[in-house]
Amino acid sequence: MSEMIFQQNQDRMIIENKNFLQKAERLLPRLKEAIVHPVQIVDVVPDDEIIHGWKTKHIHSIEKLPDLTLGKKDQIILDFNNHQVGYLSLHIKPVGSPPDAPLHLKITFGEMPVEVAEDFSTYNGIISSAWLQEEFIHIDVLPGILNLERRYSFRYVKIEVLATSPKYKVCFNNIVCKSVSSADTAAVSKLENSDLLLKRIDEVSIKTLVDCMQEVFEDGPKRDRRLWLGDLRLQALANYATVKNNDLVKRCLYLFAGTPDDKGRIAANLFIKPAVIADDTYFTDYSLFFMDTLVDYYKETKDTETLIELWPIAFKQIENTLKSLDTNNLLKGEGFFAFIDWAEGLEKETAAQGILIYIMKKALSIAEIVNKEHAIFLADKIPLLVEASKKHLWDSNTGLFISGKNKQISYASQVWMILAGVPSTVEAQCILRKLSTVSAIEPSTPYMYHHLVEAYIVAGEKETAVKKIKEYWGEMLKDGADTFWELYNPKDKTFSPYGGYLINSYCHAWSCTPTYLIRKYNL
Ligand code: RAM
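Residues numbered from 1 in each chain as written. Predicted model: local features only at pLDDT ≥ 70, side-chain atom pairs only at ≥ 80, totals over all residues. Heavy atoms only, no water.

Peer 1: What am I meant to see in the overall build of the chain here?
Peer 2: Each helix and strand in the chain was counted, giving 13 helices and 15 strands. In summary, the chain has a C-alpha radius of gyration of 25 Å against a globular reference of 24 Å for 523 residues, a match within 12%. Taking the principal axes of its C-alpha atoms as reference, the chain extends roughly 85 × 50 × 45 Å. Across the 523 residues in the chain, those meeting the buried criterion constitute 60%. A separation threshold of at least 6 residues defines the contact pool for the chain, and within that pool the share at least 24 residues apart is 77%. Only carbon and sulfur atoms are counted for the fraction: they give 50% of the accessible area of the chain, which is about 21700 Å². Within the chain, one finds 60 positive and 69 negative side-chain charges whose respective centroids are separated by 2 Å. (Helix = DSSP H or I, 4+ residues; strand = E, 2+ residues; numbered from the N terminus. Rg over C-alpha atoms; globule rule 2.2 N^0.38 Å. Buried < 20%, exposed > 50% of the residue type's maximum accessible area, 1.4 Å probe, protein only. Contact = heavy atoms within 4.5 Å. Areas by Shrake-Rupley, 256 points an atom, 1.4 Å probe, with all protein chains shown as cover. Lys, Arg positive; Asp, Glu negative; His and termini not counted. Charge placed at Lys NZ, Arg CZ, Asp CG, Glu CD.)

Peer 1: Sorry if this is basic, but what is going on with the site of the ligand here?
Peer 2: Among the 13 residues in the neighbourhood of the ligand, the closest are listed as D224, D231, Y286, E486 and H508. D219 places a side-chain nitrogen or oxygen 3.4 Å from an oxygen atom of the ligand. D224 is positioned with one of its side-chain polar atoms (N or O) 2.8 Å from an oxygen atom of the ligand. Coverage of the ligand by the protein chains reaches 98% of its 290 Å² of free accessible surface. (Near = heavy atom within 4 Å. Polar contact = N/O pair within 3.5 Å; in protein donor to acceptor, adjacent residues only side chain to side chain.)

Peer 1: What is the right way to look at the pattern of salt bridges in this model?
Peer 2: Side-chain pairs of opposite charge can arise whenever the charged atoms involved come near each other. Here the structure, examined in full by the defined rule, presents 32 salt bridges. One salt bridge in this structure joins D79 and R155, with 2.8 Å as the shortest N-O distance. In this pair, D79 sits in strand β5 (residues 75–96) while R155 sits in strand β9 (residues 152–163), placing the two residues 76 residues apart along the sequence. Note on D79: relative accessible area 1%, which makes it buried. Put simply, K106, E134, K158 and E160 are held in one network by salt bridges that share partners. (Salt bridge = Lys/Arg side-chain N within 4 Å of Asp/Glu carboxyl O.)

Peer 1: Would you explain the state of the cysteines in this entry?
Peer 2: For the structure on display, the rule yields 0 disulfides. Here C252 is not cross-linked by a disulfide; its sulfur's nearest cysteine counterpart is in C212, at 12 Å. (Disulfide = S-S within 2.5 Å.)

Peer 1: Looking at this structure, how should I read the nonpolar core?
Peer 2: Across soluble globular proteins, nonpolar side chains show a tendency to be buried alongside one another. By size, the foremost hydrophobic cluster in this structure holds 150 residues, and its most contacted members are Y286 and F290. At 11 residues, helix α7 (residues 349–370) tops the list of elements feeding residues into this core. Setting aside anything within four residues of it in sequence, one finds Y286 in contact with W228, L229, G230, D231, A268, F339, Y447 and W510. In terms of nonpolar packing, the next biggest core, distinct from the first, is built from 29 residues, F80, I137, L142 and V161 among them. (Core = buried A, V, L, I, M, F, W, Y, C linked by side-chain atoms within 4.5 Å.)

Peer 1: When you look at the side chain of S444 in this model, what are you seeing that I'm missing?
Peer 2: With respect to the helices, strands and loops of the structure, S444 is situated in the loop between α10 (425–435) and α11 (446–458). If we skip the residues at most four places from it in the chain, S444 touches D341, W342, A343, Y472, L487, Y488 and F495.

Peer 1: I tried to follow the sheet that holds strand β13 (residues 277–278) on my own but got confused; where do I start?
Peer 2: Pairing between the strands of a sheet is mediated by backbone hydrogen bonds and can be parallel or antiparallel. One open sheet holds the 3 strands; their spatial order is β11-β12-β13, and the pairing between them is antiparallel. A strand with exactly one partner marks an edge of an open sheet, and here the two such strands are β11 (227–228) and β13. In terms of strand pairing, β11 meets strand β12 (residues 269–271) through 2 bridges, oriented antiparallel. Counterpart to L227 in the pairing with β12 is L270. (Pairing = 2+ DSSP bridges.)

Peer 1: Hey, could you run me through the packing of aromatic side chains in this one?
Peer 2: Two aromatic rings, taken as a pair, are described by how far apart their centres are and by the angle between their planes. Taken as a whole and assessed by the stated rule, the structure comprises 29 aromatic pairs. With centroids separated by 5.4 Å and ring planes inclined at 80 degrees, the aromatic side chains of F339 and W342 adopt a geometry described as edge-to-face. Pairwise contacts between aromatic rings join W228, F283, Y286, F289, F337, F339, W342, Y358, W416, Y447, Y498 and W510 into one cluster. The ring of F289 has R233 sitting right over it, with the charged end atom 4.1 Å from the ring centre. The cationic tip of R265 hangs over the ring face of Y282; the distance from NZ or CZ to the ring centre is 4.0 Å. (Phe/Tyr/Trp six-rings, centres within 6.5 Å; stacked < 30°, edge-to-face > 60°. Lys NZ or Arg CZ within 6 Å of the ring centre and 35° of its normal.)

Peer 1: How should I be thinking about the packing of helix α6 (residues 304–322) against α7 in this particular structure?
Peer 2: At a minimum axis separation of 11 Å, α6 and α7 run at an interaxial angle of 145 degrees. Both α6 and α7 take part in a crossing whose hand is left-handed. Contact with α6, carried on its side by L307, I308, W311, I318, T321 and L322, involves L356, I359, M360, A363, I366, A367, I369 and V370 of α7 and no other residues of that element. By residue class, the composition of the contact of α6 with α7 is 13 nonpolar, 1 polar and no charged. (Axes fitted to C-alpha atoms, helices over the stretch in contact; angles between N-to-C directions. Left-handed = near helix turned anticlockwise from the far one by under 90°. Nonpolar A, V, L, I, M, F, W, Y, C, P; charged D, E, K, R; others polar.)

Peer 1: What is the right way to look at the environment of V458 in this model?
Peer 2: With respect to the helices and strands, the residue V458 is situated in helix α11. Residue V458 is classed as partly exposed on the basis of its relative accessible area of 45%. For V458 and V216, which are 242 residues apart along the polypeptide, the C-alpha to C-alpha distance reads 30 Å.

Peer 1: What am I meant to see in the pairing of strand β10 (residues 168–181) here?
Peer 2: Every regular strand shows the same layout, with side chains that alternate between the two sheet faces. Counting buried positions along β10 yields 10 of 14 residues, so the element is predominantly enclosed. Both strand β1 (residues 32–36) and β10 contribute to a ladder of 5 bridges, which runs antiparallel. Bridge pairing in β10 links V36 to C177. In the sheet, strand β4 (residues 69–70) pairs with β10 via 2 bridges, with the strands oriented antiparallel. Each bridged residue has a counterpart across the sheet, and for L70 the counterpart in β10 is V170. Where β5 meets β10, 10 bridges bridge the pair, whose relative direction is antiparallel.

Peer 1: Mind showing me how you'd approach the packing of α11 against helix α12 (residues 462–478) here?
Peer 2: Describing two packed helices takes the angle between their axes plus the distance from one axis to the other. Taken N-terminus to C-terminus, the directions of α11 and α12 make an angle of 160 degrees; their axes are 7 Å apart at the nearest point. With respect to α12, the element α11 is oriented roughly antiparallel. As for the relative orientation of α11 and α12, their crossing is left-handed in sense. Each of P446, Y449, H450, L452, V453, Y456 and I457 in α11 lies in contact with α12, whose residues at this interface are K462, T464, A465, K468, I469, Y472, W473 and M476. (Parallel < 35°, antiparallel > 145°, perpendicular 65-115°, else oblique.)

What follows is the structure, given as structure tokens:
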């Protein structure tokens, strides 16, 4: 289980920018709805060869089913054939004598077979079990229609009858899901690519993005169902390459810009209801990514007004981070708290330094348009940080970047230094080649894997980039992904930083980037 517990910052004060929040409110999207029906009844059966040890087995197709009548202790598992985000409703009729006791039901939702196979009481991890998707319901009046108020994220629905009475059973019909998303899939252009695996990866990436696009870009519709800045940055890129709902990116930028704290810091994530609330978690890397997301948004839309309005708060994140540099121009220990990846034991200083340089260069790419002094400042400062990285973080013995007191070698350090352009293209190629021959801390999320693929592209190694996408996201497909996952370690498919794979999210925004990579770089 990960030792990373997000810091609490309960003493901070939020300085709301009402104007920005109103702008965000005006950009609230209307959700598009679709009615979806289950297609078959399945069972889940153990199989050691399959991820998490469970696979589904076809029992009946829905049309061929005589009826769905269940008594006490009976259960069925419905398969909706693909991932859904939405609201379940079902009609329930009593069969037999008039119901002389309430109906007690348990309904469990699963993105993956394991969630409708294993008992949720076995989960004992560090984040709340309340995320596990199950409902216990009493129904007093029958016949009736059960409309579940909570939105769920699932492919499978298990209905268990916990109790009726000896005198009656219940019959279910009209089981439907009202699926919701704010994405406009009509805008997606056809992918001209003859590689069938890449096509399928592209398709599932888009499905992942679409299912995470709600009133904001959510990180995952099962969990955390909220707006995280690190996820937003990547979703925005996939969005530009596909559904092009650029106003949703703009809305999310204004939401973050509308809720800084008294130090000008942008929170790592926001809760949207009952009102916009900045979480008391701050990550140096995520705050910096506000600038990246803004610059990408500007480059995509040429919306100068938004750029000019949000530039000061974006630049503030750079200024805040620069205060943490030591006398050698390095980000060191105490001064910052970065996420980077969920990889256990990862030393983050070098990756964070790389992110800072990457962001400053990105800001410099358009600073002239907005603020000439900032452009001069950045142009002066960036070489100092690059030099410091080469001098103190490069290990000439191994030919790799190192991080922390123990000179740790990780993918994250190399990747972010390459993305920051610290090594030359030829050096980057050598680093990536060497990396696969040494023992290094590996990526543990599709999020870090995305950056690894980008590093190969920056190093001019397109073929390896494609190979990596196929190996990683392709393997997820083989393991049964309908949408791409939050966590995936092909060497340990039970991996969860939270203490149990039941709580992992199996439709996760930061995993949707292959569509961007394939389309943007013509892979
Ligand atoms: C988790 C979520 C989210 C991510 C943070 C750092 O809570 O998966 O996507 O941005 O971690």
